[in-house]
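Survey of secondary and tertiary structure
Each chain, written out:
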Amino acid sequence: MSATLRLPGKVCIITGAGAGIGLETALVFAQEGAHVVAADINEQAAQRTVETIQKQVNGAAKAIAVKCDVSKEAEIKAMVAKAVEEFGKLDVIFNNAGIMHPQDDNALNTEERIWDLTMNSANLKGVWWGCKYAIEAMLKNPKGGSIINTASFVALMGAATPQLAYTASKGAVLAMTRELAMVHARDGIRLNSLCPGPLKTELLMSFLDTPEKKERRMVHIPMGRFGEAVEQAKAALFLASDDSSFITGTDFKVDGGISGCYVTPL
Ligand code: NAD
């Protein structure tokens, strides 16, 4: 295996690996020598990711697809067990799967069931369980591990186009990740949050389904474009690899400058 690979032989679980950020991350990790466990609620989509890896990536990397609904604890437990059974250990988990409900709104209009669905599903409880079972496996790994949890730039700044439950769930991901990073700092387990800016993925584009909705956001993005999923994948690669060996507990922003911006360029 080439010494220049950044994840040589590392066993990496990626949730939501069937599309968007998760799909691109699975490809990038495999290209860097990782053994990838591509997990998704959509089994066919996870399988397609594995087939793409097999077609596009030459080398020693292996990949398997796992059906996992991260809103179900038993399925997360089984996903981690499968990774360890197949590859002997766990080095990295990217708790990336998330949902954005179209009826998520402001304090007055958001229904309790939408709030509960968002909090109890992929966005928060699933991230906790992903951390829980990964930590359990990584404590047995002499080299520890790296856990990356997908939050969002909306966890850091307010938006007058509200999605209250989504925003609250992502803020909670930042707080939870930071705390777990401190708890496990001396176990060799690093935890970081990834805060993507608005991206050209299915998740956001199906939500911003008119030119007006897109423009309402675009004016606030200093770089004048939505991000690409692969740009998040490359940040996840950095956080997964030993290149970030002294980085833990961060809110890692990959947002085209949006969270630092007052006035955008003309
Ligand atoms: P996407 O919709 O393109 O892909 C999400 C994948 O997750 C899909 O394959 C879907 O089947 C899977 N998934 C959904 N619910 C699941 C569940 N319960 N269990 C397992 N898999 C499930 O989304 P994306 O844009 O790649 O977003 C990935 C993450 O990035 C999410 O956590 C999202 O909140 C976050 N994020 C996205 C943006 C953006 O602009 N797209 C911005 C900030 C943060």
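Being a predicted model, the structure only gives us computed values, none of them experimental.

A few words now on the overall build of the protein. The secondary structure content of the protein amounts to nine helices and seven strands. In summary, the protein has a C-alpha radius of gyration of 18 Å against a globular reference of 18 Å for 266 residues, a match within 12%. If one aligns the C-alpha atoms of the protein with their principal axes, the spans along those axes are about 50 × 40 × 35 Å. Looking at the protein as a whole, 44% of its 266 residues qualify as buried.

Close contacts around the ligand come from 31 residues, with Gly16, Gly18, Gly20, Gly98 and Thr201 the closest. Residue assignment for the shell around the ligand shows that the elements contributing at least two residues are helix 1 (20-31) and helix 7 (202-205).

Across the interface, helix 1 lies against helix 9 (residues 229-240) with an axial gap of 8 Å and an inter-helix angle of 55°. With respect to their mutual orientation, helix 1 and helix 9 come out oblique. For the element pair helix 1 and helix 9, the recorded crossing hand is right-handed. Contact residues: Gly20, Ile21, Glu24, Thr25, Val28 and Phe29 in helix 1; Ala229, Val230, Gln232, Ala233, Lys234, Ala236, Leu237 and Ala240 in helix 9. Along the lines of polarity and charge, the residues of the contact of helix 1 with helix 9 split into nine nonpolar, three polar and two charged.

Here we take up the packing of helix 3 (residues 73-87) against helix 5 (residues 125-138). Packing of helix 3 against helix 5 brings their axes to within 9 Å, and their N-to-C directions diverge by 35°. Where helix 3 crosses over helix 5, the handedness of that crossing is right-handed. Of the residues in helix 5, those touching helix 3 at Glu73, Ile76, Lys77, Val80 and Val84 are Gly126, Trp129, Gly130, Tyr133, Ala134 and Ala137. Taken together, the residues that form the contact of helix 3 with helix 5 break down as seven nonpolar, two polar and two charged.

A rise of 1.5 Å per residue sets the reference length of helix 3, with its 15 residues, at 21 Å; its end C-alpha atoms lie 21 Å apart and thus fit the reference within 8%. The inward-facing, buried residues of helix 3 contact strand 1 (11-15), strand 2 (35-40), strand 3 (63-67) and helix 5. Immediately beyond the C-terminal end of helix 3, within one or two residues, lies Gly88, with a positive phi of roughly 90°.

What follows concerns the pairing of strand 5 (residues 145-150). Within strand 5, six of the six residues are buried, leaving the element largely enclosed by the surrounding structure. Here strand 5 shows two buried faces, one formed by Gly145, Ile147 and Asn149 and the other by Ser146, Ile148 and Thr150. The sheet contact formed by strand 4 (residues 92-95) and strand 5 spans four bridges and is parallel. Bridged to Val92 within strand 5 is Ser146.

Overall, parallel pairing links the seven strands, which are arranged 3-2-1-4-5-6-7 in an open sheet. On the outer flanks of this sheet lie strand 3 and strand 7 (251-254), each paired with one strand and no other. On average, adjacent strands in this sheet sit at an angle of 20° to one another, irrespective of strand direction. Sitting on the sheet, helix 1 touches strand 1, strand 2, strand 3, strand 4, strand 5 and strand 6 (189-196), and the angle it makes with strand 1 is about 165°.

Before going further, it helps to spend a moment on the environment of Gly249. By the secondary structure assignment, Gly249 is in the loop between helix 9 and strand 7. When the 17 C-beta atoms within 10 Å are taken as the criterion, Gly249 is described as partly exposed. Along the chain, Gly249 and Thr167 lie 82 residues apart, while their C-alpha atoms are 19 Å from each other. Non-local contacts of Gly249, meaning those with residues more than four positions away in its chain, are made with Arg178, Ala181, Met182, Leu191 and Asn192.

A few words now on the confidence of the model for the protein. Chain-level pLDDT for the protein is 96 on average; 98% of the residues reach the 70-or-more range. Considering each helix and strand of the protein separately, the mean pLDDT is smallest for helix 7, with a value of 86, and largest for strand 4, with 99. In the predicted assembly, ipTM is 0.99 and pTM is 0.97.

Another point: the environment of Ala74. Mapped onto the elements, Ala74 comes out in helix 3. Placed 55 residues apart in sequence, Ala74 and Trp129 show a C-alpha to C-alpha distance of 9.3 Å.

Moving on, we get to the environment of Lys170. With respect to the helices and strands, the residue Lys170 is situated in helix 6 (residues 164-183). By C-beta crowding, Lys170 is classed as buried, having 25 other C-beta atoms within 10 Å. When neighbours within four sequence positions are excluded, Lys170 is seen to be in contact with Asn123, Ala151, Ser152, Val154 and Ala155.

The rules we used
In every chain, residue numbers begin from 1 and rise along the written sequence. Whole-chain, interface and lining totals are the exception, using all residues; otherwise, since this is a predicted model, local features are given only for residues with pLDDT of at least 70 and side-chain atom pairs are given and counted only at 80 or more. Helix and strand assignments come from DSSP, with helices taken as H or I runs of at least 4 residues and strands as E runs of at least 2, each series counted from the N terminus. Just to be clear, the radius of gyration here is over C-alpha atoms, and the globule rule we use is 2.2 Å times residues to the power 0.38. Between the buried cut of 20 or more and the exposed cut of 12 or fewer other C-beta atoms within 10 Å of a residue's own C-beta lies the partly exposed class, and all C-beta atoms are placed from the backbone. We call a residue near a molecule or strand if the C-beta atom, set from the backbone, is within 6 Å of it. Between N-to-C directions, angles cover 0 to 180 degrees, with each direction set by a line fitted to C-alpha atoms, over the stretch in contact for helices. In what follows, roughly perpendicular refers to angles from 65 to 115 degrees, roughly parallel to angles under 35, roughly antiparallel to angles over 145, and oblique to any angle outside these ranges. For any helix crossing, the convention is left-handed if the near helix is rotated counterclockwise from the far helix by under a right angle, and right-handed if that rotation is clockwise. Remark: residues whose backbone-derived C-beta atoms lie within 7 Å of one another are considered to be in contact. Gly falls in the polar group here, along with every residue not listed as nonpolar (Ala, Val, Leu, Ile, Met, Phe, Trp, Tyr, Cys, Pro) or charged (Asp, Glu, Lys, Arg). Helix span, expected: 1.5 Å multiplied by one less than the number of residues in the helix. The rule for pairing is simple: two strands pair if DSSP sees at least two bridges between them. A residue's pLDDT is the confidence the predictor assigns to it, expressed on a 0 to 100 scale.

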